[in-house]
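Here's the letter readout for the chains.
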Amino acid sequence: MTKKTAERRKAPLQTPSVYNSNAIRDLSGALNALLADSFALYLKTKNFHWHVSGPHFRDYHLLFDEHADQIFAMTDPIAERVRKIGGTTLRSIGQVSRQQRIEDNDAEFVTPEDMLAELREDNKDMVERLREVHDLCDEHGDVATASLIENWIDETERRVWFLFESTRSAHAP
């Protein structure tokens, strides 16, 4: 590595920000945790998409793919918000694994019903975390991030609804 390259790697990012250092720290931390959860939920949803089987294979396969696309679509805006407010964001899979709160599922086989139930609960947890970050945004006057989060709450609540309805019995009231 040349001396010039080494110097560039030490240079701070120093993104201009309208937020104070406490707000940048709080918001960046919360958004990075949300980003880690988004990557974990995305990969779990894709895992189930790839491994679902049974009589409802096509429906669940397509549902999981649609949900994974929605979740992945959140990742770039989350990371870019962190940078826009003056923070730094996740840099590796290792960092994702250290910060994620969504549990992995590495099981050899998961029934479709368990896949639906697990993803429903994970998405419900995600709604709660999104609401917590929204409250933090309100506390620090970050209306732009709060606005994005409102849409993600709606999308995530929709996923919970679809996953719930997919598990209902034909005989349920």
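Rules and cut-offs
In this convention, every chain numbers its residues from 1, walking through the sequence in written order. Predicted model: local features are reported for residues with pLDDT of at least 70 only, side-chain atom pairs are reported and counted for 80 or more only, and whole-chain, interface and lining totals are derived from all residues. The side-chain figures draw on all heavy atoms in the structure; neither hydrogens nor water molecules are used. By definition, any uninterrupted DSSP run of H or I lasting at least four residues is a helix, any uninterrupted run of E lasting at least two residues is a strand, and each is numbered from the N terminus. Only protein chains enter the area calculation, which uses a 1.4 Å probe; residues under 20% of their type maximum are buried, those over 50% are exposed, and those in between are partly exposed. Contacts between residues were defined by any pair of non-hydrogen atoms, one from each residue, lying within 4.5 Å. By nonpolar core is meant a set of buried Ala, Val, Leu, Ile, Met, Phe, Trp, Tyr and Cys residues that side-chain atoms within 4.5 Å join together. A patch consists of residues whose relative accessible area exceeds 30% and which take part in no salt bridge; residues with like charges are grouped when within 9 Å of each other, and nonpolar side chains (Val, Leu, Ile, Met, Phe, Trp, Tyr) when within 5 Å. Computed with the Shrake-Rupley method and a 1.4 Å probe, the accessible areas treat only the protein chains shown as cover for residues. Put simply, a salt bridge is a Lys or Arg side-chain nitrogen that is within 4 Å of an Asp or Glu carboxyl oxygen. Here the positive residues are Lys and Arg and the negative ones are Asp and Glu; neither His nor the chain ends is included. Charge positions are represented by NZ for Lys, CZ for Arg, CG for Asp and CD for Glu. Under the convention used throughout, the expected extent of a helix is 1.5 Å for every residue step, that is, one less than its residue count. Counting of polar contacts relies on pairs of N or O atoms within 3.5 Å, with two restrictions inside protein: one atom must be capable of donating a hydrogen and the other of accepting it, and residues adjacent in sequence are counted only when both atoms are side-chain atoms.

Undergrad: So what's going on with the overall build of the chain? Residues and values would help.
TA: Helices and strands together make up the secondary structure of the chain, namely 6 helices and 0 strands. Start at the N end of the chain and walk to the C end: the helices and strands fall as α-α-α-α-α-α. Dimensions of the chain, computed from C-alpha atoms along their principal axes, come out at roughly 65 × 40 × 20 Å. Across the 173 residues of the chain, 41% fall into the buried class. Once local pairs closer than 6 in sequence are excluded, the contacts in the chain between residues at least 24 apart make up 81%.

Undergrad: Lay out the nonpolar core with the relevant residues and their values.
TA: Core analysis: the biggest nonpolar cluster contains 40 residues, and F64 and L130 have the highest contact counts within it. Only α2 (21-51), α3 (57-84), α5 (112-140) and α6 (143-167) provide two or more residues apiece to this core.

Undergrad: With reference to specific residues and values, describe a negative patch on the surface.
TA: On the surface, a cluster of negative charge is made up of D125, E128, E132, D135, D138, E139 and E150. If you tally residues by element for the negative patch, the top one is α5, at 6 residues. Note that D135 resides in helix α5.

Undergrad: Quick one: what's the story with α2, residue by residue and with numbers?
TA: The α-helix advances 3.6 residues per turn, and as a result positions three or four apart in sequence lie on the same side. With 31 residues, α2 should reach 45 Å at 1.5 Å per residue; the first-to-last C-alpha distance of 44 Å fits that figure. Between the side-chain oxygen at the start of α2 and the backbone nitrogen of N22 there is a gap of 3.0 Å, and the oxygen is on N20.

Undergrad: Residue-level account of the environment of P12, with values.
TA: Mapped onto the secondary structure, P12 falls in the loop between α1 (3-10) and α2. Along the primary structure P12 and N105 are separated by 93 residues, whereas in three dimensions their C-alpha atoms are 37 Å apart.

Undergrad: Explain the environment of G29 to me, using residue names and the numbers behind them.
TA: Position of G29 relative to the elements: it lies in helix α2. Residue classification places G29 among the partly exposed positions, given a relative accessible area of 38%. A C-alpha to C-alpha distance of 30 Å links G29 and F162, two positions 133 residues apart in sequence.

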